[in-house]
Amino acid sequence: MNPIPYGRQDIRPDDLQAVLASLQSDYLTQGPKIAEFETAFAQYIGAPYAVAVANGTAALHLSVLALGLNPGDYVVTSPLTFAASGNCALYAGAHVLFAETDAYGSIRPDAVQALFDQYGSKIKGIIPVDFAGRPADLPALKKIANAYGAWMLEDACHAPGAQRSGDSKFRCGDGSLADAAIFSFHPVKHIACGEGGMITTSNPEVHQRLLVLRTHGITRDQHRFTNPASLADSSLSDSDPYPLWYMEMQELGYNYRLTDMQAALGLSQLNRAEENLIRRKEIARFYHAALSGVGDLQLPHADSPSETEDHAWHLYVVRTQKRKALYDYLREHHIFAQVHYFPLHLMPHYRTSFGYGPGLCPQAERFYSECLSIPMYPSLSQEQLSYVVDAIRAFFDQTPTNS
Ligand SMILES: Cc1ncc(COP(=O)(O)O)c(C=O)c1O
């Protein structure tokens, strides 16, 4: 059996054609594919606006700036996430607080509330993560954010196409609860652009600010210019329109642009987003059925069919007391599982910057010590899936639970 990674991009002939056509076009960066990708992605997610950027980290950074994070402010995020969910606040000179997580790795609203009780309106924003593709409890978090005038930035990197049904319905990133949401197009994510990211929002001012910040803080919109026309060319009077070459840098921005080639790939991948999401759900159902009752494995929501359907299944995270031994056993059998995540508050940079240490978020730390992400991606064949399941069963057969 060839090596089976925990996640993998799905590139097909259509994708190759799309990139080739883009390379043969007049534009390599900021051409028509960017706007096409933004429009199609906004439609897929159900958000009014989308802004394409260089990667998910840039999406987080620009979003906190557009939402108004300043040096000395505080934000709350999850300890069970990729470093970028906290780092974006550090880029802006802010402090990062970590809220305790629930059994599935999402921040608990009561833990977020406790941080607001302590820090009050010093906290300017909450950055919940839709961990593994399961929507965070945005309705409860939104109530807390509203009570303190804080914004909410949803890190939906794992969750394109995820939703919550029932009374408090929403679709991840749709702008109905969070002020902005971000996505990544890193190869292991649902849509792969190599590198790439997207910000969605329903707020037109945030949208405008993101467009300007994405490209150096420069605007080409005459209606927004603040310099007199005569400064742009001394032969012009202030009543003349500005010369066509003129643009203004009005604040400090960045070059966080996506290229047209990447947008072409993203658009082509987006065409299969729904089909791939259906396949991820099939795989999750297969794992639920094949692994329930095996050893001491705790499966993600095996007992909740509606959550299985609403989940985007970026990761399939099992929990076991024998995580390290299972990881090693799978590796010996060419199955490359992964751990998501080492708690962010225990990373050396956060420990030295904020004095955090073990015991800050005991449930998240316990989650880390037990979690393992087993292979989950649409192109897994039935033969590969059976091989993974057989290997996990064989491991537990030879390793009694109480050993
Ligand atoms: C939860 C989460 N947030 C942010 C990021 C950052 O995205 P990128 O790698 O595109 O910068 C990732 C990607 O690894 C992620 O998984």
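Residues numbered from 1 in each chain as written. Predicted model: local features only at pLDDT ≥ 70, side-chain atom pairs only at ≥ 80, totals over all residues. Heavy atoms only, no water.

### Quick notes on the site of the ligand
Taken together, 15 residues surround the ligand, and among them Gly56, Thr57, Asp155, Ser184 and Lys189 come closest. Between the ligand and His158, the relevant distance is 3.0 Å, taken from an oxygen atom to a side-chain nitrogen or oxygen of the residue. Side-chain polar atom of Lys189 to an oxygen atom of the ligand: 3.0 Å apart, as the coordinates give it. In the complex, the protein chains occlude 93% of the 390 Å² of accessible area that the ligand would expose alone. (Near = heavy atom within 4 Å. Polar contact = N/O pair within 3.5 Å; in protein donor to acceptor, adjacent residues only side chain to side chain. Areas by Shrake-Rupley, 256 points an atom, 1.4 Å probe, with all protein chains shown as cover.)

### Some words on the packing of helix H3 (residues 56-66) against helix H7 (residues 204-214)
Look at H3 against H7: their axes get within 9 Å of each other, and the N-to-C directions meet at 125°. Here H3 is positioned oblique relative to H7, judged by the angle of their axes. Along this stretch, H3 crosses H7, giving a crossing that reads as right-handed. Across the interface between the two elements, Leu62, Ser63, Leu65 and Ala66 of H3 pack against Val206, Arg209, Leu210, Leu213 and Arg214 of H7. Its residues assigned to classes, the contact of H3 with H7 comprises six nonpolar, one polar and two charged. (Axes fitted to C-alpha atoms, helices over the stretch in contact; angles between N-to-C directions. Helix = DSSP H or I, 4+ residues; strand = E, 2+ residues; numbered from the N terminus. Parallel < 35°, antiparallel > 145°, perpendicular 65-115°, else oblique. Left-handed = near helix turned anticlockwise from the far one by under 90°. Contact = heavy atoms within 4.5 Å. Nonpolar A, V, L, I, M, F, W, Y, C, P; charged D, E, K, R; others polar.)

### Comments concerning the side chain of Asp73
Along the chain, the position of Asp73 falls in the loop between H3 and strand E3 (74-77). Buried charge without a salt bridge: Asp73, with Lys124 as the nearest opposite-charge side chain at an N-O distance of 4.8 Å. (Buried < 20%, exposed > 50% of the residue type's maximum accessible area, 1.4 Å probe, protein only. Lys, Arg positive; Asp, Glu negative; His and termini not counted. Salt bridge = Lys/Arg side-chain N within 4 Å of Asp/Glu carboxyl O.)

### What about the sheet that holds strand E2 (residues 49-53)?
Here seven strands make up an open sheet; going across it, the order is E2-E10-E9-E6-E5-E3-E4 and the pairing mixed. At either margin of the open sheet sits one strand with a lone partner, and together these are E2 and strand E4 (95-98). Put simply, the sheet's adjacent strands are angled 25° from each other on average, direction ignored. Where strand E6 (residues 151-155) and strand E9 (residues 180-184) come together, three bridges link them in parallel fashion. In the sheet register, Leu153 faces E9, and the bridge partner there is Ala180. Along the sheet, helix H5 (residues 109-119) makes contact with E3, E4 and strand E5 (123-127), crossing E5 at roughly 170°. Sheet contacts for H7: E2 and strand E10 (197-201); angle to E2, the most-contacted strand, approximately 15°. (Pairing = 2+ DSSP bridges.)

### Topic: the pattern of salt bridges
In total, this model carries 17 salt bridges according to the counting rule given. In this structure, a network of salt bridges that share partners links the residues Asp10, Arg12, Asp15, Arg272 and Glu275.

### Quick look at the state of the cysteines
One pass over the full model with this rule turns up zero disulfides. Free of any disulfide, Cys88 has its nearest cysteine sulfur in Cys157, 10 Å distant. Using a relative accessible area of 0% as the deciding quantity, one classes Cys88 as buried. (Disulfide = S-S within 2.5 Å.)

### What to know about the domain arrangement of the chain
Here the domain parsing of the chain yields domain 1 (4-217 + 252-270) and domain 2 (273-398). Computed over C-alpha atoms, the centres of domain 1 and domain 2 are 23 Å apart. Between domain 1 and domain 2, a total of about 3,800 Å² is buried, with carbon and sulfur atoms accounting for 58% of that surface. Of all residues in domain 1, Ile4, Tyr6 and Phe98 give up the largest surface area on contact with domain 2, accounting jointly for 23% of the area buried on that side. One can count two salt bridges joining domain 1 with domain 2. For the salt bridge of Glu307 with Arg134, the shortest nitrogen-to-oxygen distance reads 3.1 Å. For the pair domain 1 and domain 2, the interface holds 24 residue pairs in polar contact (both at pLDDT 80 or more). Going through the elements one at a time, strand E1 (4-5), helix H4 (84-91), E4, strand E7 (163-164) and helix H9 (260-270) are the ones with two or more residues in the side of domain 1 that touches domain 2. For the side of domain 1 that touches domain 2, the leading source of residues is E4, giving four residues. By residue class, the composition of the side of domain 1 that touches domain 2 is 24 nonpolar, 14 polar and ten charged. (Domains from an automatic or database assignment. Buried area = accessible area lost by both parts, 1.4 Å probe.)

### With respect to the layout of surface pockets
When its volume is computed, the largest pocket comes out at roughly 460 Å³. Taken together, 28 residues line the largest pocket, and the ones lying closest to its centre are Phe82, Ala83, His186, Lys189 and Tyr341. When residues of the lining of the largest pocket are traced back to their parent elements, those giving at least two are H3, H4 and E9. Per element, the largest residue contribution to the lining of the largest pocket is three residues, and it comes from H3. Counted by class, the lining of the largest pocket contains 14 nonpolar, eleven polar and three charged residues. Domain assignment of the residues forming the lining of the largest pocket places at least three in each of domain 1 (4-217 + 252-270) and domain 2 (273-398). Reported here for the second largest pocket is a volume of approximately 320 Å³. In terms of lining residues, the second largest pocket is bounded by 13 residues, among which Leu211, Thr215, Ile218, Thr219 and Arg220 are the most central. (1 Å grid on protein atoms, 1.4 Å probe; cavity = no way out; pocket = protein on both sides within 12 Å on 5 of 7 lines; lining within 4 Å. Points joined across faces, edges and corners; volume = space filled by probe spheres on them.)

### As for helix H14 (residues 362-370)
Note that an α-helix has 3.6 residues per turn; residues three or four places apart therefore point the same way. Within H14, burial applies to Ala364, Glu365, Phe367 and Glu370. Residues of H14 that are buried sit in contact with strand E13 (316-319), helix H12 (323-332) and strand E15 (371-374).

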